[in-house]
Amino acid sequence: KGPWGIAERQRMAARLKRCVVRRRDGPEQHGVAASCLRELREKACGVLAIDKAREPITLVLAEDGTIVDDEDYFLCLPSNTKFVALAKDEKWSSKILDSGTSWLSESVDEVDSAAEKWKQLARQLKDDLSNIILMSEEDLQVLIDVPHSDLAEELSQSETKIQVLQDTLLQVLDRREEERQSRQLLELYLEALKTEDSILSKVAEPEAAPRKEMDVVDTGTSSTDTSATTALSNQVLAALKEKPAPELCLDSQDLELVLKEDTAALASALGWDKQKAGALQEACDQELSKRLKQVQTLHSLRSTSKGKKALPWGDWPSSKRKK
């Protein structure tokens, strides 16, 4: 306990590296200090209660799964580096993160999913550009938001042609929005006509006792109907129920699913009457038929055009909408 002992402990402490260790599938973390990898392995086995039968353990960086088995590399690591102790036959996974960074795992998964989605959509265009017609508004917007350089690399095209492509995607969105607005105006006009006719008929009719039985309309549904199951996703059901002219925003596969649904089941899922659900299915049928005819027309033109293997990239007009 003399001066020599204090100095020795200070020299030992200077050589020790502070580390944080935990198991592969456990959120509990333990702080240990070690002067070398062997000492860190021994202390990790002790504080993490790893059975001797499951040794030797492998130490990997919790950040990216890098295996730390070189002494010099260990000495270069900063203090408080986080390690995951892998027992025999255990493997590190990118989904292994401590509870304090679970939100980061979710955001990374979302980014990866979004990146994978635009690449899948880009591959569809690479196979056949007429697939633009069959895409949903959401898919079109995903491709529009991709940087020119990334999309050009994926499609093996110049950035100039990619700009033309994205302008065309915007133009498709413009046309669908214009059609949606036109339908909304037409619906408002027809509703106004009905209201005007109703007012004129009431003025022309002589006063008479109200006939309440005339107000009862058979909608084809009753309060005893049970909600039927549907194969449509919640996202599609939300679009059908909330968006005006929803058939314009769905892709062709979703339109086919809507058409395959039983009208009564669709009405129950949306909380509508059968007449309104039937009108929706008819609108979806018309939109799908129109898209398929457009695709067939493009294929026919392409097959009869000599020396054209793909749609004319450079001839596409630019869109009115700004990115």
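- In the nomenclature of an unreviewed UniProt entry, the protein chain is known as DNA fragmentation factor subunit alpha of Daphoenositta chrysoptera.
- What UniProt states about the protein chain under its Subunit (unreviewed entry) heading is, verbatim, "Heterodimer of DFFA and DFFB."

1. Considering the overall build of the protein chain
Okay, so step 1: Check the secondary structure of the protein chain and you find eleven helices and four strands.
Okay, so step 2: A buried classification covers 33% of the 323 residues belonging to the protein chain.
Okay, so step 3: For the protein chain, the exposed area adds up to about 21,100 Å²; of that, 52% sits on carbon and sulfur atoms.

2. Observations regarding helix H2 (residues 37-47)
An α-helix turns once every 3.6 residues. As a result, residues three or four positions apart point the same way.
Okay, so step 1: Inspection of H2 places Leu-37, Glu-39, Leu-40, Ala-44 and Cys-45 among the buried residues, and these make up the whole buried set.
Okay, so step 2: Elements in contact with the buried residues of H2: strand E1 (17-23), strand E2 (30-34), strand E3 (58-61), helix H3 (71-76) and strand E4 (81-86).
Okay, so step 3: The positive-phi residue at the C-terminal boundary of H2 is Ala-49, with phi of around 55°.

3. A short note on the side chain of Glu-137
Okay, so step 1: Structurally, Glu-137 is set in helix H5 (residues 137-145).
Okay, so step 2: Those residues in contact with Glu-137 that lie beyond four places of it in its chain are Leu-173, Arg-176, Arg-180, Leu-248 and Cys-249.

4. So, the sheet that holds E4
Sheets are built from strands that pair by backbone hydrogen bonding, the pairs being arranged parallel or antiparallel.
Okay, so step 1: With mixed pairing, the four strands of this open sheet are ordered in space as E2-E1-E4-E3. Every interior strand has two partners, whereas the edge strands, E2 and E3, have only one. Pairwise comparison of adjacent strand axes, ignoring direction, gives a mean angle of 40° for this sheet.
Okay, so step 2: As paired elements, E1 and E2 share five bridges and run antiparallel to each other. The residue bridging Val-20 from the neighbouring strand is Gly-31, located in E2.
Okay, so step 3: Packed onto the sheet, H2 meets E1, E2, E3 and E4 and runs at close to 150° relative to E2.

5. A closer look at the layout of surface pockets
Okay, so step 1: The space that makes up the second largest pocket amounts to roughly 460 Å³.
Okay, so step 2: What lines the second largest pocket is a set of 19 residues, and nearest its centre among them are Glu-187, Ala-245, Pro-246, Glu-247 and Leu-280.
Okay, so step 3: Contributing elements (two or more residues each) for the lining of the second largest pocket: helix H7 (159-204), helix H8 (234-242) and helix H11 (274-304).
Okay, so step 4: Each residue belonging to the lining of the second largest pocket can be placed in one class, and the counts come to nine nonpolar, two polar and eight charged.

6. A word on a nonpolar patch on the surface
Okay, so step 1: Residues Leu-186, Tyr-189, Leu-190 and Leu-193 make up a contiguous nonpolar surface patch of about 380 Å² in total accessible area.
Okay, so step 2: Tracing the backbone shows Tyr-189 in helix H7.

7. Side note on the packing of H8 against helix H10 (residues 263-270)
Okay, so step 1: The N-to-C vectors of H8 and H10 enclose an angle of 80°; their axes lie 10 Å apart at closest approach. One finds that H8 runs roughly perpendicular with respect to H10. On H10, the residues touching Leu-237, Leu-240 and Lys-241 of H8 are Leu-266, Ala-269 and Leu-270.
Okay, so step 2: By residue class, the composition of the contact of H8 with H10 is five nonpolar, no polar and one charged.

Parameters and conventions
Residues numbered from 1 in each chain as written. Predicted model: local features only at pLDDT ≥ 70, side-chain atom pairs only at ≥ 80, totals over all residues. Heavy atoms only, no water. UniProt positions renumbered as here; feature names shortened; annotations may be inferred. Helix = DSSP H or I, 4+ residues; strand = E, 2+ residues; numbered from the N terminus. Buried < 20%, exposed > 50% of the residue type's maximum accessible area, 1.4 Å probe, protein only. Areas by Shrake-Rupley, 256 points an atom, 1.4 Å probe, with all protein chains shown as cover. Contact = heavy atoms within 4.5 Å. Pairing = 2+ DSSP bridges. Axes fitted to C-alpha atoms, helices over the stretch in contact; angles between N-to-C directions. 1 Å grid on protein atoms, 1.4 Å probe; cavity = no way out; pocket = protein on both sides within 12 Å on 5 of 7 lines; lining within 4 Å. Points joined across faces, edges and corners; volume = space filled by probe spheres on them. Nonpolar A, V, L, I, M, F, W, Y, C, P; charged D, E, K, R; others polar. Patch = residues over 30% accessible without salt bridge, like charges linked within 9 Å, V, L, I, M, F, W, Y side chains within 5 Å. Salt bridge = Lys/Arg side-chain N within 4 Å of Asp/Glu carboxyl O. Parallel < 35°, antiparallel > 145°, perpendicular 65-115°, else oblique.

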